[in-house]
Amino acid sequence: MQLLAAHRTAMAEFDARVQRIEAEQWDNPTPCSEWNVRDLLNHLVGEQLWAPWLLDGATLDEVGDRFDGDVLGNDPIKAWTRAADAARRAWDAPGATSGEVHVTGGVIPAEDYGWQMTADLAVHAWDLARGIGADEQLNPELVADLYTVLAPQVSAWQDLGIFAPPRDVPLGADQQTRLLALLGRA
């Protein structure tokens, strides 16, 4: 699976869980100890709002604080849909993965940013599923590709605070368990 296909799959995985959020679940805890379901969605909406700007060459200073705080408003699911659609258009633009983007850790290849965003969508799809009691199984091909791409890079990302430190897994653990552990999930 190439980056754009993987990103599209990860976005669909997250979206499928978003569409299942019930009104009484917004305050449910998630595996991200500091975030409930609403906080988790707010994080992902914010990430999607940043993508078009960064892929268009904006610096962090140029984006500024426009996406700080609550970006969900009164209709969190609609906010997600709009932000995801805008991010998808940005990723689908010709040459989107061939440039460089400004991120907290400096300037990195857009392709690396894309894999980070893909991993973020996938792991948070699992977090959200756990928070709302939905199916936690992720697309196996996506899981395999993410593990292959991320395993060699995850130690370098630790200083950036993108994911929690890797956790140990029992021998014989399936690939999704190994991926989640690699990204700091139990």
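Parameters and conventions
Residues numbered from 1 in each chain as written. Predicted model: local features only at pLDDT ≥ 70, side-chain atom pairs only at ≥ 80, totals over all residues. Heavy atoms only, no water. Helix = DSSP H or I, 4+ residues; strand = E, 2+ residues; numbered from the N terminus. Rg over C-alpha atoms; globule rule 2.2 N^0.38 Å. Buried < 20%, exposed > 50% of the residue type's maximum accessible area, 1.4 Å probe, protein only. Contact = heavy atoms within 4.5 Å. Areas by Shrake-Rupley, 256 points an atom, 1.4 Å probe, with all protein chains shown as cover. Lys, Arg positive; Asp, Glu negative; His and termini not counted. Charge placed at Lys NZ, Arg CZ, Asp CG, Glu CD. Pairing = 2+ DSSP bridges. Polar contact = N/O pair within 3.5 Å; in protein donor to acceptor, adjacent residues only side chain to side chain. Axes fitted to C-alpha atoms, helices over the stretch in contact; angles between N-to-C directions. Parallel < 35°, antiparallel > 145°, perpendicular 65-115°, else oblique. Left-handed = near helix turned anticlockwise from the far one by under 90°.

Chemist: I would appreciate a short explanation of the overall build of the protein chain in the present structure.
Modeler: If you tally the helices and strands in the protein chain, you get 8 helices and 2 strands. Along the chain direction, N to C, the helices and strands of the protein chain fall in the order α-α-α-α-β-β-α-α-α-α. In summary, the protein chain has a C-alpha radius of gyration of 16 Å against a globular reference of 16 Å for 186 residues, a match within 12%. Along the first, second and third principal axes, the C-alpha atoms of the protein chain reach 45 × 40 × 30 Å. For the protein chain, the residues scored as buried account for 46% of the 186 residues in total. Of all intrachain contacts in the protein chain linking residues separated by at least 6 positions in sequence, the fraction that spans at least 24 positions is 69%. Here the protein chain has roughly 9,200 Å² of accessible surface; of this, 48% comes from carbon and sulfur atoms. Placing the 13 positive and 29 negative side-chain charges of the protein chain at their respective mean positions leaves the two points 5 Å apart.

Chemist: Even after reading the chapter, I still don't get the environment of Pro29, so can you show me in this structure?
Modeler: Structurally, the position occupied by Pro29 is in the loop between α1 (3-18) and α2 (37-55). Placed 98 residues apart in sequence, Pro29 and Asp127 show a C-alpha to C-alpha distance of 9.4 Å. Leaving out residues up to four positions away in the same chain, Pro29 has contacts with Trp35, Asn36 and Gly131.

Chemist: Help me understand the pairing of strand β2 (residues 106-109) in this model?
Modeler: A regular strand carries its side chains on alternate faces of the sheet. Here strand β1 (residues 100-103) runs beside β2; their pairing, made up of 4 bridges, is antiparallel. Among the inter-strand pairings, Val103 is bridged to a residue of β2, identified as Gly106. The hairpin formed by β1 and β2 contains 2 residues between the paired strands.

Chemist: Just to check I follow, could you spell out the side chain of Gln176 for this structure?
Modeler: Residue position: Gln176 is located in helix α8 (residues 175-182). Classification of Gln176 by relative accessible area gives buried; the value is 10%. A polar side-chain atom of Gln176 sits 2.9 Å from the main-chain carbonyl oxygen of Glu136. Ignoring any residue separated from it by four or fewer positions in sequence, one finds Gln176 in contact with Trp126, Glu136, Gln137, Leu138 and Val143.

Chemist: Help me understand the packing of helix α6 (residues 140-150) against α8 in this model?
Modeler: Put simply, α6 and α8 touch, their axes get as near as 9 Å, and they point 40° apart. Regarding the angle of α6 to α8, the classification is oblique. Regarding α6 and α8, the two cross each other, and that crossing is left-handed. Together, Val143, Ala144, Leu146, Tyr147 and Leu150 of α6 and Gln175, Gln176, Arg178, Leu179 and Leu182 of α8 make up the contact between the two elements.

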